[in-house]
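Residue-level structure breakdown
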Amino acid sequence: MESFSIIGGKPVQGSIAVRGSKNATLPLLAASLLADGPCEFSNVPLLRDVQTQVKILNTLGVETVWQGRRVRTQVIDSYNNTAPYELVKQMRAGVCVLGPLLAKRGECKVSLPGGCVIGERPIDLHLRGLEALGAEISMEHGYIHAKAPKGGLVGNEIYLGGKFGSSVTATENVMSAAVLARGTTTIECAACEPEVVDVAQFLNAMGARIEGAGSPRITIRGVKRLRGCAWSVIPDRIEAATFVVLAAACRGQLTIKGCRPDHMLAFLDVLRQMQVPVSRSASSLTIDARSLRPAACDVVTLPYPAFPTDCQAQIMALAAIAKGTSVITERIYPERFMAGAEMKRMGADIRVANGQAVVNGVSALQGAEVMASDLRASAALVIAAAAAKGESLISRIYHIDRGYERIDERLAKVGLAIRRCPGAG
Ligand code: EPZ
């Protein structure tokens, strides 16, 4: 398995362009199953998870044609309505095809997505929402078997809140099913993430009638059919945030281009509290951290617009070298602290208990051999290694390739001493 060798202590300099959002691309591709004609997506990130979602579409009779960062989808046939385990187990967002398939084809089977290291990943809200639209749901041999009533799905008033609040992909799944339901659907306690808004706006461009996306109450008036259309994926706010933290951690000067700072306000407020100098335009962020030692800051992760759980591991890496003690509370995935254990090998002073990490900042981390465990934890280890004195070796970097496009090449271009090492075998 490949690994990264990173020699820390060298500030990054220059500018880096943000790619399209992984967490918008995955449900957008799923929603293209609803179209009667071809769709063309642009600004698509070239990621393993996107390739997996495209493979799932291919098994469902969708032809896909790539041209650089553009992909054209066209439903050719609907003989197969099963999203297979071997693909969905690789990428949980494969479950996003459930709503569109059910609405468009009336019946489908989707493998139950596995859990992952960040915690148990239930889908009870997805199923509750689809049953509220009239679907019959059963579990058969590890597959969700969903069947719409004879006349099709029927609009309803749906409360989609769970013990952790709203669910991003459950909102996207139910919204993507309700667009073809008879009558009106209201989703109460909908997720407000920008990726949900991107999916809603794409569906409206196809002819859907969705209002309120981005607020906790979304109203969908069902239509008979949806046409294909062209769509550009929003920038990846988590990738942008990752680069901001990396620049701050290695005292760099970096401009992040093609991002949406207006999607990152809670994150930017934490950076302000940590005294990281960040200036912004409508589509870029500039960090000048040359003389920075960040200040500690308490962080709580919550659904959007609050601080995103997908930035928690990264901000922990910055807190690890900050002045003072930061308390990081993870309200979405209470076990999502795998990166902390690895950072302690680099000299970080982190204590994790009951969904909280208490981080006592140290003056410097030391390079070490560490292991990536999930997508955002591996990004946090890259940040910690960039700040550390000496060389770090990060193994299992296939995790990072799932969500960050060629991150080694792109970061090397702004001066990070990072090298991809071939696997031992
Ligand atoms: C999305 O996952 C993102 N993935 C995740 O990003 C992100 O961490 C998460 O939202 C939270 O922001 C995609 O959009 C593809 P949830 P999702 O349903 O939709 C509980 C990354 O690193 N829940 O919003 O699966 C759940 O356990 C990934 O890019 C239920 O209880 O997350 C969690 O505690 C990791 N029942 C909370 O809700 C359900 O049916 C939020 O989960 C669904 C979720």
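Our structure's up above, just so we're on the same page.
Residues numbered from 1 in each chain as written. Predicted model: local features only at pLDDT ≥ 70, side-chain atom pairs only at ≥ 80, totals over all residues. Heavy atoms only, no water.

Here we look at the pairing of strand β13 (residues 217-221)
Short version of the rule: For each residue, the accessible area found with a 1.4 Å probe, counting protein chains only, is set against the maximum for its type, and the residue is called buried under 20%, exposed over 50%, and partly exposed in between. Only DSSP runs of H or I covering at least 4 residues are called helices, and only runs of E covering at least 2 are called strands; the numbering of each starts at the N terminus. Two strands are said to pair when DSSP picks up at least two bridges between them.
A one-sided burial pattern is seen for β13, the buried positions being I218 and I220 and the unburied ones R217, T219 and R221. In this sheet, β13 lies alongside strand β11 (residues 184-188) in antiparallel orientation, the contact comprising 5 bridges. Across the sheet, T184 pairs through a bridge with R221, a residue of β13. Hairpin remark: strand β12 (residues 209-211) followed by β13, antiparallel, with 5 residues in the connecting loop; positive phi at G212, about 90°.

What about the sheet that holds strand β18 (residues 299-301)?
Inclusion rule: Interaxial angles span 0 to 180 degrees and are taken between N-to-C directions of axes, which are lines fitted to C-alpha atoms, for helices over the stretch in contact. In what follows, a contact means two residues having at least one pair of non-hydrogen atoms within 4.5 Å.
Read across the open sheet, the 4 strands follow the order β18-β19-β21-β20; overall the sheet is mixed. Bordering the open sheet on either side are β18 and β20 (349-353), each of which pairs with just one other strand. Averaged over all adjacent pairs, the angle separating strand axes in this sheet is 15°, with direction ignored. Strand direction decides the pairing type here: β18 and strand β19 (residues 325-330), joined by 3 bridges, are parallel. What sits directly across from V300, in β19, is T329. Seen against the sheet, helix α10 (residues 312-319) touches β18, β19, β20 and β21 (356-360) and runs at an angle of roughly 170° to β19.

Here we look at the nonpolar core
What counts is decided by this rule: Each nonpolar core is a collection of buried residues, namely Ala, Val, Leu, Ile, Met, Phe, Trp, Tyr and Cys, held together in the definition by side-chain atoms within 4.5 Å.
Counting residues in hydrophobic clusters, the biggest one holds 78 residues, and the most contacted among them are I256, F267, I315, M343, I394 and L411. In terms of residues, this core owes the most to one element, helix α12 (residues 375-387), which gives 11 residues. For L411, the contacting residues outside a window of four places in its chain are I16, F243, L246, V382, L416 and I418.

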